[in-house]
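So the chains spell out like this:
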Amino acid sequence: MRANWKSRLMASVAVSASAMLFPAISSAQSWAGAPGDDAIARGQYLAMIGGCKHCHTADAGDYAGGVVLGTPFGELVGPNITPDPETGIGTWTRDDFEGALRQGRQKDGGPLYPAMPYLSFTQMTDQDIDDLWAYFRNVEPVTHEVQVIQLPFPFNIRTGVNAWQVLYFDAHRFEPDAEKSDQINRGRYLAEGPVHCTSCHTPRNAIGGPIEDRAYQGALVDGWYAPNISGTQGSALEKFDQETLTAYLADEHPDGLAAFGAMYQVTESLQDAQRSDIEAIAAFILDRAEDDEPGRGPEIESIPDEVMERGAGVYEAQCQSCHAEDGMGGENAARLVDNGGVNAQSPMNVVNVLLQGIETRNQFGPMPSFVNVLSDQELSDVSNYVRRSWGNDGPESATPEMVAESRPDAEETDSIDLTTNCPAPGNYDIPAGVRTQVGDLARQTVGEEDIAPLVEGFHAAEPDAGYSEAMAALTAEYCLALAEAEPAVGRSVFLERQLSFMNEIDDAMRAAGMTPGE
């Protein structure tokens, strides 16, 4: 079974039962801890809102693993996290469990790939970790062997992930903002901790590192686009207020707006959360957006009139009977007008829904797949029509090639635009001589003897730079050099060479006495 970083079925807990098990929390507790008096029940609540089943439940049973996860490094498989001693985490200690969630470490101390959102979970409190541990020790053990790492060399070698963690993982606990209300602090704790909203909504660079200065500004994740929910121009938040965002997160479809793709799984789980927690998340998301600089709006690509005319014909024949002539939907179909998923930067959400269809959800009936009904041209035309009609302004246009690559039976593409996706270099400049050496290495196989002069040259020019600064600067420079040397380099080739380079830099800096944490 395949899923993106946030996918697959969530177990349902009745609202009435939720209210009974998870009574309202006091103001003093408003930012930390799951509600309730029982540790196992609190842990169950955290597992639910954190979406643990999204990545750890396939066909073998709850939390027994087997979900295929698309990550920046390739495909991984969600492990068995039931207390089975042979194939799960039955032999783990509480410290092992905490190490995985808050430190990004395996039981043996090796680094975890960032498919596990430990960049967010590191903020969780000791109490919440204890409660989750209590819950997972008491779920039903399932014997199910999972081969988690199915990546080719060097991605199956975790030493490159050590260097990645130095650049992008900051182990820390949540600290409330004394200038914000208890509600907003609770919302920030949930959104940036257990619910890990940033994992999908913050864009990432070519090696999977979050681009912090573009937090919440939208990102393509395993074929779906998580819309911009920041305060910048083009944000999906422009149509929401506290009431409607709360209702949307609770899967109540305000004004006919329904979540789809990976976000549907999130709203399906949050619908059983405490109302006060959903309100807190909404309050935080809206509040933090107020501090963002609006910036420039997204560039709207031009779409020829003939494309819109063809798209209108497809819409009238295939879509209008459910979604209405004005795109406002109805009792059995979601609204397309001013819909954040429809208006997202990328057209991938609309393309995916047309190709995959949608099962019956709440009051909405099923939407059929058009994968065998419409051609690539027809699907791209109607996608563009929907994204540019009735006041919608989806920036990027769909193409037949995009549709073809998104079909279920299509071969996966292996392309990457390094010119716009290389990691940031940090605050230190690369000396001209070192830049030349890095450029030369981008055209050949990197050996240990080639790396030591780079480290020495950089350190001589920037003696105040520590391990992480040097790693960031040299990693970014090598990415840019690859973009110049091989403009059409594939993702797999790029990652293999980039991680190998980072491994060699790591070895050379440690040999020179430079270690992480400097």
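Predicted model only: the values in this text are computed from it and were never measured.

Student: So what's going on with the overall build of the protein chain? Residues and values would help.
Tutor: Helix and strand content of the protein chain: 22 helices and five strands. Taken over the C-alpha atoms alone, the protein chain extends approximately 65 × 60 × 50 Å along its principal axes. Counting all 518 residues of the protein chain, 55% fall into the buried class. The contacts in the protein chain between residues at least 6 apart in sequence include a share of 70% that link residues at least 24 apart.

Student: So what about the nonpolar core? Which residues, and what values?
Tutor: Core analysis: the largest hydrophobic core is formed by 101 residues, its most contacted members being I49, F136, L245, L418, I451, F494 and F501. When sequence neighbours within four positions are dropped, the list of residues in contact with I451 reads L441, V446, F501, E504, I505 and A508. Within the second largest apolar cluster, 23 residues are counted, among which are I303, V314, C319 and V371.

Student: Can you lay out the packing of helix α21 (residues 467–485) against helix α22 (residues 491–511) for me, pointing to particular residues and giving the numbers?
Tutor: Two elements in contact, α21 and α22, have axes separated by 10 Å at closest approach and are oriented at 150 degrees. Between α21 and α22, the angle falls in the class roughly antiparallel. Seen from above, α21 lies across α22 with right-handed handedness. Across from Y467, A470, M471, L474, T475, Y478, C479 and L482 in α21, the residues of α22 making contact are F494, R497, Q498, F501, M502, I505, D506, M509 and R510.

Student: Run through the packing of helix α4 (residues 94–103) against helix α6 (residues 126–136), naming residues and quoting values.
Tutor: In the contact formed by α4 and α6, the axes pass within 10 Å of each other and the chain directions differ by 120 degrees. The element α4 and its partner α6 pack so that their crossing is right-handed. For the pair α4 and α6, contact is made by R94, F97, E98, L101 and R102 and by D126, I129, D130, L132, W133 and F136, respectively. For the contact of α4 with α6, the per-class residue count stands at six nonpolar, no polar and five charged.

Student: Outline the pattern of salt bridges, listing residues and values.
Tutor: Per the stated rule, a full pass over the model turns up 16 salt bridges. Of the charged contacts in the structure, one is a salt bridge between D96 and K107, with a shortest N-O distance of 2.9 Å. With D96 in helix α4 and K107 in the loop between α4 and α5 (118–121), this pair connects stretches of sequence that are 11 residues apart. The class of D96 is buried, set by a relative accessible area of 15%. In this structure, R102 and E98 form a salt bridge, with 3.0 Å as the shortest nitrogen-oxygen distance. Of the two residues, R102 and E98 both sit in helix α4, four residues apart, roughly one turn of that helix. As far as the burial class goes, R102 and E98 line up, both buried. Three or more residues are tied together by salt bridges with common partners; here these are E98, R102, D126 and R173.

Student: I'd love a proper account of the pairing of strand β2 (residues 68–71), names of residues and values included.
Tutor: On β2, burial covers both faces: V68 and G70 on one face and L69 and T71 on the other are all buried. Looking at chain direction, β2 and strand β3 (residues 74–77) are connected through four bridges and run antiparallel. Note that in β3 the partner of V68 across the bridge is V77.

Student: Please provide a residue-by-residue account of the environment of V314, values included.
Tutor: Here V314 is to be found in helix α13 (residues 305–318). For V314, a relative accessible area of 11% translates into the label buried. Each C-alpha atom, one on V314 and one on D95, is 57 Å from the other, the two residues being 219 residues apart in sequence. Excluding residues that lie within four positions of it along the chain, V314 makes contacts with C319, L374, E378 and V382.

Student: Could you give an account of the confidence of the model for the protein chain, with specific residues and numbers?
Tutor: Predicted coordinates in areas of low pLDDT are best not read in detail. Here the protein chain averages 87 in pLDDT, and 90% of its residues register 70 or above. A low-confidence stretch, residues 1–29 stays under pLDDT 50, and its non-local contacts, those more than four residues away or across chains, total 82 contacts.

Student: Any details on the state of the cysteines? Residues and values, ideally.
Tutor: Across all of its chains, the model carries one disulfide by this definition. Between C422 and C479 runs a disulfide, and the two sulfur atoms are separated by 2.0 Å. One disulfide, between C422 and C479, carries an S-S torsion of -85 degrees and so falls in the left-handed class. With C422 in the loop between α18 (418–421) and α19 (432–441) and C479 in helix α21, this residue pair connects regions lying 57 residues apart in the sequence. A relative accessible area of 16% places C422 in the buried class. For C479, a relative accessible area of 0% gives the class buried. Lacking any disulfide linkage, C55 is separated from the closest cysteine sulfur, that of C52, by 8.7 Å. Not part of a disulfide, C200 finds its nearest cysteine sulfur in C55, a span of 8.9 Å.

Student: Describe unusual backbone geometry, with residues and values.
Tutor: Residues other than glycine seldom take positive phi values, yet Y63 does so here, at roughly 65 degrees. Note on placement: Y63 falls in the loop between α3 (52–56) and β2. For D255, which is not glycine, the phi dihedral falls at a positive 55 degrees. Examined against the element boundaries, D255 turns out to sit in the loop between α10 (242–249) and α11 (262–270). Take D255: its relative accessible area is 58%, and that puts it in the exposed class.

Student: Residue-level account of α13, with values.
Tutor: For α13, spanning 14 residues, the distance from its first C-alpha to its last is 20 Å, which sits close to the expected 20 Å at 1.5 Å a residue. Among the structural elements, α14 (320–323) and α16 (376–387) are those in contact with the buried residues of α13.

Student: How would you sum up the packing of aromatic side chains? Please name residues and give values.
Tutor: Summed over the entire model, instances satisfying the criterion amount to 13 aromatic pairs. An angle of 40 degrees between the planes, with centres 5.2 Å apart, marks the rings of F97 and W133 as tilted. With a gap of 36 residues between them, F97 in helix α4 and W133 in helix α6 connect regions that are remote in the sequence. By the burial criterion, F97 is buried, and W133 matches it. Of the aromatic side chains, those joined through ring pairs into one cluster are Y63, F97, W133, Y135 and F136.

About the cut-offs
Residues numbered from 1 in each chain as written. Predicted model: local features only at pLDDT ≥ 70, side-chain atom pairs only at ≥ 80, totals over all residues. Heavy atoms only, no water. Helix = DSSP H or I, 4+ residues; strand = E, 2+ residues; numbered from the N terminus. Buried < 20%, exposed > 50% of the residue type's maximum accessible area, 1.4 Å probe, protein only. Contact = heavy atoms within 4.5 Å. Core = buried A, V, L, I, M, F, W, Y, C linked by side-chain atoms within 4.5 Å. Axes fitted to C-alpha atoms, helices over the stretch in contact; angles between N-to-C directions. Parallel < 35°, antiparallel > 145°, perpendicular 65-115°, else oblique. Left-handed = near helix turned anticlockwise from the far one by under 90°. Nonpolar A, V, L, I, M, F, W, Y, C, P; charged D, E, K, R; others polar. Salt bridge = Lys/Arg side-chain N within 4 Å of Asp/Glu carboxyl O. Pairing = 2+ DSSP bridges. pLDDT = per-residue confidence, 0-100. Disulfide = S-S within 2.5 Å. Expected span 1.5 Å × (residues − 1). Phe/Tyr/Trp six-rings, centres within 6.5 Å; stacked < 30°, edge-to-face > 60°.

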